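The residues making up each chain are set out below.
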Amino acid sequence: MTLIRRTALVVVLAVLAAALGGAVPRTPVPATAKHTVTYDKYSLLLDGKRTYIWSGEFAYWRLPSPGLWRDVLQKMKANGYNAVSIYFNWAYHSPKRGVYDFGGVRDVDLLLDIAAQTGLYVIARPGPYINAETSSGGFPGWLSNDPGRARSDAPSYLAAADEWMTRIDAIIGRHQFTEGTGTVILQQIENELFVTGAAQQRYMLRLARRVRADGITVPIFHNDVGRNGYWVPRSSEVPGTVEGPTGLYAFDAYVGPQRCGEAPKDAPDFGLWGPGGAKGGASASPRTPGFTAEFGGGWFDHWGGPGAYPCLAREAGSGYQRVFYGTNIANGLSIQNFYMTYGGTSWGWLPSPVVYTSYDYGAAIDEARQPRPKATTMKQLGMFVQSFAPLTELDRGDPVTPSSAKVKVYHDVNPHSGAHLYVAMHHPSSATTDDAFTFPISTEDGDHTLAVRLNGLDAKLLVADYDMDAQHLVYSTSELMTHFAGTALFHGRRGESGETVLRYPSAPAVSGDVRSSYDAATGDLRLTYVHDGLTEVRITGGGRPPLTLLLADDEATATLWRQDTPAGPVLVSGPALVRTATYEGSDLLLSGDTTGRTSLRVWGAPPGTRVRWNGRLDGADPVRLPDLVWRSSPGSPEADPGYDDSGWQPAGRTTTAATTPPPPGEPVLTADDYGFHQGDVWYRGRWTGSVETLRIRYGGGGAGLAQVWVDGAYLGQNVLPAGKPSPPRTATATFTVPSSSRTAGQHVVAVMVRNNGHTQDVYADDAHKEGRGLISTSLGAAATWRIQGNLGGEDPADPVRGITNAGGLAGERAGVHLPGYPDAAWHTAAVPAATAAPGTTWYRSTFRLAVPAGHDASLGLTIGDPGTPRSAARYRALIFLNGWNLGQYIADVGPQGTFVLPNGILDPHGVNTLALAVTSDGGPGNGLEKVALTNLGTVRGGVDVPLVAAPAWAPTGG
């Protein structure tokens, strides 16, 4: 054991500890006494205690490694969140009507246990419709064949929705805070439903009755898209609103930058300071708390987009967060959820047509699980809203006029405690100037003038007349971050001056790098200072308990962490992340991550406490990444005219529920009608006679593709346009038939269609039923067709990886993508490849990793030049790691070139198998580009991540 630092009589020791976090636990959260969740116009009350909800959105289904769920949720908790909002994806759990899977990577029981163990409340959002930029908006593929209108009271749809809700409610119900068995505090019904006709009114009432019948006892709400005043509770009585069967009214708002370089608008007022009325946000329901079910934490990028996530992370970064989220705080919105906080990966066939694989979103935690700088600002704000209890009961205060017309100041007051909140920002908030100004405050403590500085897009949240534990704060021009008995933390921008005034009955003693003065007439102790790193000020005497006042600049708060233990809160400084804190006798056990050599300082622990860390307080060791060696084999045997398709399904249906039916008299070809709802689908058609041109209409979603062969000759491909947020999803393409096939005999056409996702049902118009695969051809009724998609269709051959992973390439049906597939007869392949054959070519590589023990390395796979969003090469690659389809690279569409390989799917301490299904237009320049492993971030620490067990290749078939 080595002595590290002594702070406030706490001895800190570094101790080599066992594994962090342990294996993914199977023990449910033990039941406690039942709790209550109530509310009034100000806030939620949990067991009667007003609670500010500061929540982040997390989609478990975009992270197919349950061991990593704990990592993300711990990072959220450490960075100031006290709640997590979760969409539950119907399609992810149900490959077939009546079939549901809640095991393995779909184990939401485990997810909700981890949330409770991490100390996060849960906002449950099970749909049935979720949108979420996922295929069909979360509707299962089989629902596209249902004749009933979705999101209405059509009997067949209601029966399907009941089926899902009953199953997911059973899981959510046993994790309710009200039952004492978990931390679910709210449940949403439906999502962003802005069609409000009679059929939808009956549908919403049915959903509400369904969840109550299923035993859901927490308050229910609906998320109104764009603040229409739709589906407000009966108590609203605001003219122009639409009543719903809900207890709470919630709305979403994406009012920040959605494109790189887009100037931020002024933050809107959706509550106390807004215009009011049905369209005013929280004002649509004045008797319930202000509730943003989704407030922009970034934005999604699209096929052919600019590769915007790093840019959006900056532009919707710290300044935006302080201004926009701070405006919400000033407006009395006491339930805020930020979409997304961790976006994750739309792996396999999860994406809707509007997005590519990465769903990074520019979020506070990036796709590779690395906290961005904006996470520190979320921590500052999150700790503040949980520490400054008066925020949960705010009324408008008297108007405040600052000395500069460039600035506006919100002023709120808690009607019971008398505490004041002032939120200052530029007006317009997008100003880029650096301005010093003053504004007056008048409280029970007297009249004062505060001197403040704002530099560009920024806001400061300042408090006054506040009883802070056993202390009394008159005011501060620094921002309160957190406090508990004996300790208070304030922060500000580096180099800016600050002033904090505390009131004492008599003159206290002050030690630390500040200037202090005491006014015996008022009892005010005035401290002035400059924010520079972390300053510790000790105040003793004066008729109050001792106080450790910590004054930090914003950079210093990045490594300051509050942890609440059964013995009380502690504040830790030094590591890159503190995940957990608990006591074992007189020892305080801390776990977390380091990126560089550091020391520990701890405040709040009892004197004499020993602090034990989970490993060395050093930086991460290097991680060696091997070069990849490839073997290759052709992969489009379906194009050969002699290929045996006798086992394929005949495509001869005459009716369809699709919104894109074929012309009268022609066969139904759409893939969903034959049980193939995702991935590639192959067609083989036969006709007799001479045809000069072949025209096909197909549905492929954003950047979808069709390739066509006649009698084994490649005719070419057609790619749906990209480069816009709402791309075309169907197309008609014409191909010239070679003269050798314009004869009177029988001919064979082979068509491969890539389905890049089903349209979301945004407008409740059954758009998710838009056809995928072939819709019609110029051969009309003269051809007979067979169709083949993923092996097993709605009964996927690999239920562990599931329907999301299942595609219809011949190689996938044969298990070429799986570990253990016998590829010894394949030829060694040079990568980059100078040329390519039309159709699909498979590449396989095995590699061994040896990530140092006690480290968390987030690795990725980079194809092509990571410095450019797209290339001239016309090909695309499906990326399979150990059998899991983790994404799609499209060279000439872009913008994504690096793909996250999540631990648990990746074995960081063993052998891994990569397989690439490269589909090319053929010819020089259209072959596979450079492929390399990439280190996306490594820390010493992390959590235990068990490998996800899934089938390898077996001789009996895929």
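The structure we're discussing is the one just above.
Below is a summary of the structure that appears in this document.

The rules behind each value
Residues numbered from 1 in each chain as written. Predicted model: local features only at pLDDT ≥ 70, side-chain atom pairs only at ≥ 80, totals over all residues. Heavy atoms only, no water. Helix = DSSP H or I, 4+ residues; strand = E, 2+ residues; numbered from the N terminus. Buried < 20%, exposed > 50% of the residue type's maximum accessible area, 1.4 Å probe, protein only. Lys, Arg positive; Asp, Glu negative; His and termini not counted. Salt bridge = Lys/Arg side-chain N within 4 Å of Asp/Glu carboxyl O. Polar contact = N/O pair within 3.5 Å; in protein donor to acceptor, adjacent residues only side chain to side chain. Contact = heavy atoms within 4.5 Å. 1 Å grid on protein atoms, 1.4 Å probe; cavity = no way out; pocket = protein on both sides within 12 Å on 5 of 7 lines; lining within 4 Å. Points joined across faces, edges and corners; volume = space filled by probe spheres on them. Nonpolar A, V, L, I, M, F, W, Y, C, P; charged D, E, K, R; others polar. Pairing = 2+ DSSP bridges. Axes fitted to C-alpha atoms, helices over the stretch in contact; angles between N-to-C directions. Parallel < 35°, antiparallel > 145°, perpendicular 65-115°, else oblique. Left-handed = near helix turned anticlockwise from the far one by under 90°. Phe/Tyr/Trp six-rings, centres within 6.5 Å; stacked < 30°, edge-to-face > 60°. Lys NZ or Arg CZ within 6 Å of the ring centre and 35° of its normal. Expected span 1.5 Å × (residues − 1). Arc of directions from axis to C-beta. Disulfide = S-S within 2.5 Å. Core = buried A, V, L, I, M, F, W, Y, C linked by side-chain atoms within 4.5 Å.

1. Topic: the side chain of aspartate 907
Next, step 1: When you line up the elements, aspartate 907 lands in the loop between β52 (898–901) and β53 (911–920).
Next, step 2: In this structure aspartate 907 is buried but unpaired, with arginine 848 as the nearest side chain of opposite charge at 7.3 Å.
Next, step 3: Here histidine 909 takes part through its backbone nitrogen, which lies 2.9 Å from a polar atom of the side chain of aspartate 907.
Next, step 4: Leaving out residues up to four positions away in the same chain, aspartate 907 has contacts with Leu849, Asn882, Asn912 and Leu947.

2. As for the layout of surface pockets
Next, step 1: Space inside the second largest pocket adds up to approximately 680 Å³.
Next, step 2: Looking at the second largest pocket, it is lined by 32 residues, and the ones nearest its centre are Asn131, Glu133, Phe300, Gln760 and Val762.
Next, step 3: Residue composition of the lining of the second largest pocket, by class: 18 nonpolar, five polar and nine charged.

3. Description of the sheet that holds β52
Strand pairs in the sheet, formed through backbone hydrogen bonds, run parallel or antiparallel to each other.
Next, step 1: Ordered by their spatial adjacency, three strands build an open sheet running β52-β49-β54, and the pairing between neighbours is antiparallel. Sheet topology places β52 and β54 (931–940) at the edges, where each strand pairs with a single neighbour. Recorded for the sheet is a direction-independent mean angle of 30 degrees between the axes of neighbouring strands.
Next, step 2: Direction of pairing for strand β49 (residues 855–863) relative to β52: antiparallel, over a ladder of four bridges.

4. Overview of the packing of helix α4 (residues 155–173) against helix α5 (residues 198–213)
If you want to describe how two helices pack, look at the angle between their axes and the distance between the axes.
Next, step 1: Here α4 crosses α5 at 30 degrees, and the two axes come no closer than 10 Å. When the interaxial angle is binned, α4 and α5 end up roughly parallel. Crossing handedness for the pair α4 and α5: right-handed. For the pair α4 and α5, contact is made by Tyr157, Leu158, Asp162, Met165, Thr166 and Asp169 and by Tyr203, Arg206, Leu207, Arg210 and Val211, respectively.
Next, step 2: Residues belonging to the contact of α4 with α5 are distributed by class as follows: six nonpolar, one polar and four charged.

5. Thoughts on the sheet that holds strand β28 (residues 524–530)
Next, step 1: Overall, antiparallel pairing links the eight strands, which are arranged β16-β17-β18-β21-β22-β25-β28-β27 in an open sheet. Bordering the open sheet on either side are β16 (395–396) and β27 (515–519), each of which pairs with just one other strand.
Next, step 2: Direction of pairing for strand β22 (residues 471–476) relative to strand β25 (residues 497–503): antiparallel, over a ladder of three bridges. By the bridge assignment for β25, tyrosine 475 is matched with valine 501.
Next, step 3: Here helix α7 (residues 318–330) sits on the sheet in contact with β17 (407–413), β18 (420–426) and β21 (459–468), set at roughly 145 degrees to β18.

6. Section: the packing of aromatic side chains
Next, step 1: Tallied over the full model, the rule gives 50 aromatic pairs.
Next, step 2: The interplanar angle of 75 degrees and the centroid separation of 6.4 Å between the aromatic rings of tryptophan 54 and tyrosine 325 together place this pair among those described as edge-to-face. Pair noted here: tryptophan 54 is in strand β6 (residues 53–58) and tyrosine 325 is in helix α7, with a separation of 271 residues, a long-range link.
Next, step 3: When its relative accessible area of 0% is taken as the criterion, tryptophan 54 is described as buried.
Next, step 4: Put simply, the rings of Trp90, Tyr100, Phe102, Tyr129, Phe139, Trp142, Tyr157, Trp164 and Tyr203 touch in pairs and so form one group of aromatic residues.
Next, step 5: Taking the ring centre of tyrosine 359 as reference, the NZ or CZ of arginine 62 above it sits at 3.6 Å.
Next, step 6: The ring of tyrosine 87 is capped by arginine 125, whose NZ or CZ atom sits 3.9 Å from the centre of that ring.

7. Examining empty space enclosed by the protein
Next, step 1: Under the defined criterion, the tally for this structure stands at eleven cavities of 30 Å³ or more.
Next, step 2: There is about 220 Å³ of room inside the largest cavity.
Next, step 3: Taken together, 19 residues form the lining of the largest cavity, with Ala91, Ser135, Gly141, Gln678 and Ile803 sitting closest to its centre.
Next, step 4: In terms of residue class, the lining of the largest cavity is built from eight nonpolar, eleven polar and no charged.
Next, step 5: The calculated volume of the second largest cavity comes to roughly 80 Å³.
Next, step 6: In this structure, the second largest cavity is lined by 13 residues; those nearest its centre are Gly348, Trp349, Pro351, Asn756 and Gln888.
Next, step 7: Considering each element in turn, the lining of the second largest cavity owes the most residues, three residues, to strand β51 (residues 884–890).

8. What about α5?
Next, step 1: End to end, α5 covers 22 Å across 16 residues, agreeing with the expected 22 Å (1.5 Å per residue, within 8%).
Next, step 2: Along α5, the residues classified as buried are Gln200, Tyr203, Met204, Leu207, Ala208 and Val211. Down the axis of α5, the buried set is contained in an arc of 135 degrees. They therefore lie on one face. Of the residues in α5, the exposed ones pointing more than 90 degrees away from the buried face are Arg209 and Ala213.
Next, step 3: Looking one or two residues past α5, glycine 215 carries a phi angle of roughly 95 degrees, positive in sign.

9. Describing the state of the cysteines
Next, step 1: Applying the stated rule across the entire model yields one disulfide.
Next, step 2: Each sulfur of the disulfide joining cysteine 260 and cysteine 311 lies 2.4 Å from the other. Separated by 51 residues along the polypeptide, cysteine 260 in the loop between β13 (248–253) and β14 (290–296) and cysteine 311 in helix α6 (residues 309–315) bring together distant segments of the chain.
Next, step 3: Judged by relative accessible area, cysteine 311 falls into the buried class, the value being 13%.

10. Quick notes on the packing of helix α3 (residues 108–118) against α4
Next, step 1: Running from N to C, α3 and α4 point in directions that differ by 30 degrees, and their axes come no closer than 9 Å. Overall, the two elements α3 and α4 adopt an arrangement that is roughly parallel. Relative to α4, the crossing made by α3 is right-handed. Packed against α3, whose contacting residues are Val108, Asp109 and Leu112, the element α4 presents Ile168, Ile171 and Ile172 at the interface.
Next, step 2: Across the contact of α3 with α4, the residue classes break down as five nonpolar, no polar and one charged.

11. Topic: the side chain of aspartate 618
Next, step 1: Here aspartate 618 lies in the loop between β36 (610–613) and β37 (630–634).
Next, step 2: There is a polar contact of 2.3 Å between the side chain of aspartate 618 and the side chain of arginine 597.
Next, step 3: For aspartate 618, the residues in contact, after removing those within four places along its chain, are Thr594, Gly596, Arg597 and Arg940.

12. A short note on the pairing of β28
Next, step 1: In this structure, β25 lies alongside β28, joined through seven bridges in antiparallel fashion. Following the sheet pairing, valine 501 is matched in β28 by arginine 526.
Next, step 2: Pairing between β27 and β28: five bridges, direction antiparallel. Note that in β28 the partner of serine 517 across the bridge is arginine 526.
Next, step 3: Turn length for the β27-β28 hairpin, with the two strands adjacent in sequence and antiparallel, is four residues, and the turn residue glycine 523 shows positive phi of about 80 degrees.

13. Overview of the nonpolar core
Next, step 1: Among the nonpolar cores identified, the biggest contains 170 residues, and Trp54, Phe58, Tyr60, Phe88 and Leu421 are the most heavily contacted of them.
Next, step 2: Per-element tally for this core: the top contributor is α4, with nine residues.
Next, step 3: The contact partners of phenylalanine 58, leaving out residues within four places of it in the chain, are Leu63, Trp69, Val72, Leu73, Met76, Val84, Ser85, Ile86, Tyr87, Leu111, Met340 and Tyr342.
Next, step 4: Trp687, Ile696, Val710 and Leu779 belong to the second-largest nonpolar core, a separate cluster that totals 30 residues.

14. Considering the pattern of salt bridges
Next, step 1: In total, this model carries 53 salt bridges according to the counting rule given.
Next, step 2: In this structure, the salt-bridge partner of arginine 610 is aspartate 587, at a minimum N-O distance of 2.8 Å. Of this pair, arginine 610 sits in strand β36 while aspartate 587 sits in strand β34 (residues 587–593), and the two are 23 residues apart along the sequence.
Next, step 3: The buried category is assigned to aspartate 587, whose relative accessible area is 7%.
Next, step 4: Between aspartate 621 and arginine 940 there is a salt bridge, and its shortest N-O distance comes to 3.1 Å. Taken together, the residues aspartate 621 in the loop between β36 and β37 and arginine 940 in strand β54 connect sequence positions 319 residues apart.

15. Describing unusual backbone geometry
Next, step 1: Across the junction of histidine 427 and proline 428, the peptide omega takes the value 5 degrees, indicating a cis bond.
Next, step 2: Omega for the peptide link from valine 831 to proline 832 comes to 10 degrees, which places this bond in the cis form.
Next, step 3: Phi at glutamate 192 takes a positive value of approximately 50 degrees, unusual for a residue other than glycine.
Next, step 4: Residue placement: glutamate 192 occurs in the loop between β9 (184–188) and α5.
Next, step 5: On the basis of relative accessibility, which here comes to 13%, the residue glutamate 192 falls in the buried class.

No statement about biological role is implied by the geometric values presented.
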